[in-house]
Amino acid sequence: MDVRYTSRDHHIDSALIQAAPFFAELPQEAVEKATAQVVTRRHPANQVILLENDWGSSVYFILEGWVKIRTYNLDGKEVTLNILGKGELFGEMAPLDEVPRSTDVITLVPTVIGNMPANDFVTLIQSEPMAGIRLAQLMARRLRQVNRRLRLRESDSMSRVADIILFLADGQGTMGEGGVEIPNLPHRELSSLSGLARETVTRVLSKLEKKELITRNRDTVCIPDLDALERLLV
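Residues numbered from 1 in each chain as written. Predicted model: local features only at pLDDT ≥ 70, side-chain atom pairs only at ≥ 80, totals over all residues. Heavy atoms only, no water.

What to know about the side chain of R70
By the element assignment, R70 lies in strand β5 (residues 67-72). Among the polar contacts made by the side chain of R70, one reaches the side chain of Y72 at a distance of 3.4 Å. If we skip the residues at most four places from it in the chain, R70 touches E78, V79, T103, D104 and I106. (Helix = DSSP H or I, 4+ residues; strand = E, 2+ residues; numbered from the N terminus. Polar contact = N/O pair within 3.5 Å; in protein donor to acceptor, adjacent residues only side chain to side chain. Contact = heavy atoms within 4.5 Å.)

Focus: helix α5 (residues 129-151)
For α5, built from 23 residues, the straight-helix expectation of 33 Å at 1.5 Å per residue is met to within 8% by its first-to-last C-alpha distance of 33 Å. Turning to α5, its buried residues number three or more, namely A131, R134, L135, L138, R142, Q145 and R149. As for α5, its buried residues are in contact with β6 (78-84), β7 (89-90), α3 (93-97), α4 (118-127), α6 (157-172) and α7 (187-194). (Expected span 1.5 Å × (residues − 1). Buried < 20%, exposed > 50% of the residue type's maximum accessible area, 1.4 Å probe, protein only.)

Topic: the sheet that holds β6
Ordered by their spatial adjacency, 4 strands build an open sheet running β3-β8-β5-β6, and the pairing between neighbours is antiparallel. Every interior strand has two partners, whereas the edge strands, β3 (48-50) and β6, have only one. Averaged over all neighbouring strand pairs, the angle between strand axes comes to 35°, with direction disregarded. In the sheet, β5 pairs with strand β8 (residues 104-107) via 4 bridges, with the strands oriented antiparallel. (Pairing = 2+ DSSP bridges. Axes fitted to C-alpha atoms, helices over the stretch in contact; angles between N-to-C directions.)

Some details on the UniProt feature "domain: Cyclic nucleotide-binding" (unreviewed entry) in the protein
In the numbering adopted here, UniProt assigns the feature "domain: Cyclic nucleotide-binding" (unreviewed entry) to residues 22-142. Annotation note: span residues 22-142, helix share 30%, strand share 34%, distance between end C-alpha atoms 14 Å. (UniProt positions renumbered as here; feature names shortened; annotations may be inferred.)

Shown next, in the form of structure tokens:
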């Protein structure tokens, strides 16, 4: 069950939402107006936030945690399209198109999400040119990531797993002491992202670790040298 925050928590998390990259360089007054009605909720792991074909009444900002964007292929097999983390938004297209949602969104870990009324988001896009540019940049980056993954679908397993790690580093990587860190996702999620069997993903990760291209602990995967990992794709 999701849990709403108190008004004090809401005030704190409104500031976190306003600090999201999407709002960078937007007038503070416009940002405060757009986020004034945000409701913040905490969700447990593996909770469905959105379902395909739902109608869009909110746009969602991730304050803590991780979610996956999921759909199904023609055979009914689950396909993970993306993994999103802190500072990212989702559910932004349905309010603009006025069509139902096209994917499911599920939490991977306990996650805090701010729900912005769709009308407030649309008003912001219509009134602030920079907000429209930010949205276009977001869509372009996600399309570029998907196109790259599609080009590698016929590559060897090492290239495909390396590409997924780089894909996550591009979207969710943070700098740590030993390099760029990404969440250490369950192998089934990496399997769904790459289109490989889970056993194959496990085997390739072990090989990458032996080559010292990644290091792993319980929570994170660290990439000491992004360029070295990138060279596996050539």
